[in-house]
Amino acid sequence: MNAKALISDLQDYYLLSIQGILGALQRPFYGKDVIEQMDYAGAGSFFIIVLVSLFVGMALSLQLAAELSVLGLKMYTGKVVGISIIREIGPVAAALVFTGRVGSGMASELGSMVLGHQVDTLRVFGVDPVKKLVTPRMLSAFLMLPALTLIGDAASLLGGYYIAVFVSHQSGYVYWSSVREVLIFENVFSGSVKPFIFGFLISSISCYMGLSTKGGAIGLRSSTTRAVVASIIMIIVADFLLTRILLYVLGFSV
Amino acid sequence: MIVFDAVRFSYNSREILKDISFSVGAGERIAFLGGSGEGKTTILKLIMGLIRPDSGRILIDGEDITCKTEAQLRDTRMKFSIVFQEGALFDSLNVKENVAFCLREYTKMPEEQIEEKVKELLRTVDVERAIDLMPEELSGGMHRRVAIARSLAATDPKMFLYDEPTSGLDPVNADNICKLILDLSRNGKGFIIVTHKVFDAVKVADRFMFLYDGRVRLDGNREDLLHATIPEIQIFLSELRYTQEEKNV
């Protein structure tokens, strides 16, 4: 891809993102579409997020318990698991799963609508495709990913608890006390801001890639792949930048 | 009603239309013929303002639409009713919801009235029995019919635009779609049909334009088409002769 095409793509992406956001503030509102998308993105992803998060929490707890027991610090397992999950791993893991399930779905659905002339049909009928298709998806991702992250965090902590108590033979009371200790504003805020940004990034990138689909089945495959790859890269980059900013804003010394 | 003035259009640096000029009056029944990738569908999209030409002007009722915004194009688009190839029905909506889409979007009709209107439109295109089916449950012919009903619900058009309305259909269904196209044009409403099926084109149209290599190679009536000596057109006409020979046998 040459520089001119890249700049043009970026410009189109920014424009679509802005129009998608503005669509939520201007009539007509497509409430039914938002609910449908929230159901698909939220309720539909519930099980997979819980499952993945549970095992992430278990693996993390296992690794930490093994390492900390060597140092005689097993009682800190809950604390380290709690901080890692709430501030970092929970939001990122949920966002990556969300990208794989919802982001790819958005890109392929919109791409298939483009190829099947359904988007052109909307334009012919005088319906703004951004408002009708992009805004509901952006809103649903923006609202549902934080909720799913919260549920995923809880599942991870539960997984960590299982390993700490039944495998590492620690006290359940100590584990939950340590977790409660890390549930302070700074940590919770730090972990709660990220999913909103990730939700916006995943939905806007996926919608853009879907709507710019060209060239039949191969084009659809390519746009779906690009949506997932670009979303994953942006999640990781944004996570680093957000972590840096939040640590600074919340007064943590590095 | 429609004027193309020196229109050029390229896609991915490939020039699809090279300096195309023609005009279409209201009520005309036109068929654009040509092979795949010759720009037939592109012409329909240009008329609807869905894509913009690289150069040249497109006038609809005297107004140049090439520099109009999406919002300004709405009135222009309402003059036409377009049926895309394979119907382009919304996958997630059933037949009733597809046809009711524009009624819900633009009118404040009560639900009973919408249902009545939908039934009436589906009756017009003879697919009332499919009202509760999903698009994937429809046959190719039913797909096109529902798409025509949906486009009628959207607007009271001056002209119909059909993109390959009979492609992929068996001869009986293709013939039924041709009859429907003629029925809808009875009260002086013209249409443009783009197709590579010359047999269907001669059934419905009075004027024929043949696209080849980005240019209009023929613009004439049925006689002009049937007696054209251009080799590319001859190849197309062979389908017609073959069908005729079969009938004689």
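Details of the structure are given in the entry above.
A brief structural summary. Note that the structure is predicted; figures quoted are calculated from it, not measured.

## Observations regarding the overall build of chain A
When helices and strands are counted, chain A shows eight helices and zero strands. Reading chain A from its N end, one meets helices and strands in the order α-α-α-α-α-α-α-α. Seen through its principal axes, chain A has C-alpha atoms that stretch 70 × 35 × 35 Å. Evaluated residue by residue, chain A yields a buried proportion of 48% over its 254 residues. Partitioning the contacts of chain A with sequence separation of at least 6, the portion at a separation of at least 24 is 83%. Distance between charge centres in chain A, computed from 17 positive and 14 negative side chains, equals 2 Å.

## Description of the interface of chain A and chain B
Counting from both sides, the interface comprises 16 residues of chain A and, opposite them, 21 residues of chain B. A buried area of about 1700 Å², summed over both sides, lies between chain A and chain B, and 59% of it is on carbon and sulfur atoms. It is A:Arg123, A:Val124 and A:Phe125 that lose the most area in chain A upon contact with chain B, and together they represent 41% of the buried surface on that side. Connecting chain A to chain B are two salt bridges. A salt bridge links B:Glu70 to A:Arg123; the shortest N-O distance between them is 2.8 Å.

## Thoughts on a nonpolar patch on the surface
There is a patch of nonpolar side chains on the surface, built from A:Val229, A:Ile233, A:Met234, A:Val237, A:Phe240, A:Leu241, A:Ile245, A:Tyr248 and A:Val249 and spanning about 910 Å² of accessible area. Within the fold, A:Ile233 resides in helix α8 (residues 216-249).

## Re the sheet that holds strand β4 (residues 55-60) of chain B
Residue and element names in this part refer to chain B. Across the sheet, which stays open at both edges, the four strands sit in the order β2-β1-β4-β5 with antiparallel pairing between neighbours. Each edge of the sheet is formed by a strand with only one pairing partner; in this case those strands are β2 (14-24) and β5 (63-64). As paired elements, strand β1 (residues 2-11) and β4 share five bridges and run antiparallel to each other. Bridge assignment links aspartate 5 to a residue of β4, and that residue is arginine 57. Across the face of the sheet, helix α1 (residues 40-47) comes into contact with β1, β2 and β4 while running at roughly 120 degrees to β1.

How each quantity is defined
- Residues numbered from 1 in each chain as written.
- Chains lettered and ligands numbered in written order.
- Predicted model: local features only at pLDDT ≥ 70, side-chain atom pairs only at ≥ 80, totals over all residues.
- Heavy atoms only, no water.
- Helix = DSSP H or I, 4+ residues; strand = E, 2+ residues; numbered from the N terminus.
- Buried < 20%, exposed > 50% of the residue type's maximum accessible area, 1.4 Å probe, protein only.
- Contact = heavy atoms within 4.5 Å.
- Lys, Arg positive; Asp, Glu negative; His and termini not counted.
- Charge placed at Lys NZ, Arg CZ, Asp CG, Glu CD.
- Buried area = accessible area lost by both parts, 1.4 Å probe.
- Salt bridge = Lys/Arg side-chain N within 4 Å of Asp/Glu carboxyl O.
- Patch = residues over 30% accessible without salt bridge, like charges linked within 9 Å, V, L, I, M, F, W, Y side chains within 5 Å.
- Areas by Shrake-Rupley, 256 points an atom, 1.4 Å probe, with all protein chains shown as cover.
- Pairing = 2+ DSSP bridges.
- Axes fitted to C-alpha atoms, helices over the stretch in contact; angles between N-to-C directions.

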